[in-house]
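Fold and contact review
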Amino acid sequence: MDDTEIHHERPSPAKLEVMGVEHWPVWRREVATFPWHYRQEETCYIVRGRFRITPEGGAPREYGRGDLIRFPVGLNCTWEILEPVEKHYLLT
């Protein structure tokens with residue numbers, strides 16, 4: 001596993017329950033485009049919305065409802081929110 005890459009999966013409801021995702025903080029954002037740098041690893045579960053992440057020097061990837069994503073420490077990227085987003089997140 002490359003620790004500099006974004007990891008993505010479509011988890012089962014049972015996995016989300018074991019992880020305690022519904023108890024994680026919630027982040028919401030309307031349509032916008034902005035640069036972002038991850039100072040901590042973030043795991044997030046997308047409750048609603050759709051967005052595109054373009055890692056510095058990499059290809060854009062789209063994510064949306066039902067995706068579980070892990071963003072590594074040190075990642076520089078651009079967020080492009082295509083539809084208002086709501087996500088549960090955990091910083092480690």
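Whatever comes next refers back to the structure up there.
Presented here is an overview of the structure given in this document. (Residues numbered from 1 in each chain as written. Predicted model: local features only at pLDDT ≥ 70, side-chain atom pairs only at ≥ 80, totals over all residues. Heavy atoms only, no water.)

The helix and strand tally for the chain stands at one helix and seven strands. Helices and strands in the chain line up, N terminus first, as β-α-β-β-β-β-β-β. By principal-axis analysis of the C-alpha atoms, the chain measures approximately 35 × 30 × 20 Å. Taken over 92 residues, the chain has a buried fraction of 38%. Partitioning the contacts of the chain with sequence separation of at least 6, the portion at a separation of at least 24 is 77%. (Helix = DSSP H or I, 4+ residues; strand = E, 2+ residues; numbered from the N terminus. Buried < 20%, exposed > 50% of the residue type's maximum accessible area, 1.4 Å probe, protein only. Contact = heavy atoms within 4.5 Å.)

Both strand S4 (residues 42-55) and strand S6 (residues 68-71) contribute to a ladder of four bridges, which runs antiparallel. Looking across to S6, one finds that threonine 43 is bridged to arginine 70. By the bridge criterion, 12 bridges tie S4 to strand S7 (residues 76-91) in an arrangement that is antiparallel. Each residue of the ladder has a partner; that of glutamate 42, found in S7, is leucine 91. By the bridge criterion, four bridges tie S4 to strand S5 (residues 61-64) in an arrangement that is antiparallel. (Pairing = 2+ DSSP bridges.)

Soluble globular proteins tend to bury their nonpolar side chains together. Formed by 16 residues in total, the largest nonpolar core has its most connected members in Ile6, Phe51, Ile53, Ile69, Phe71 and Trp79. Contributions of two or more residues to this core are made by strand S3 (32-37), S4, S6 and S7. If you look at the next biggest cluster of nonpolar residues, it comprises five residues, including Leu16, Val21, Trp24 and Leu68. (Core = buried A, V, L, I, M, F, W, Y, C linked by side-chain atoms within 4.5 Å.)

This part covers the side chain of threonine 43. Of note, threonine 43 is situated in strand S4. When its relative accessible area of 14% is taken as the criterion, threonine 43 is described as buried. If near-sequence neighbours (up to four positions away) are discounted, threonine 43 is found in contact with Met19, Trp24, Leu68, Ile69, Arg70, His88, Tyr89 and Leu90.

With respect to the element layout, arginine 70 can be found in strand S6. A distance of 3.1 Å separates a polar atom in the side chain of arginine 70 from a polar atom in the side chain of glutamate 41. (Polar contact = N/O pair within 3.5 Å; in protein donor to acceptor, adjacent residues only side chain to side chain.)

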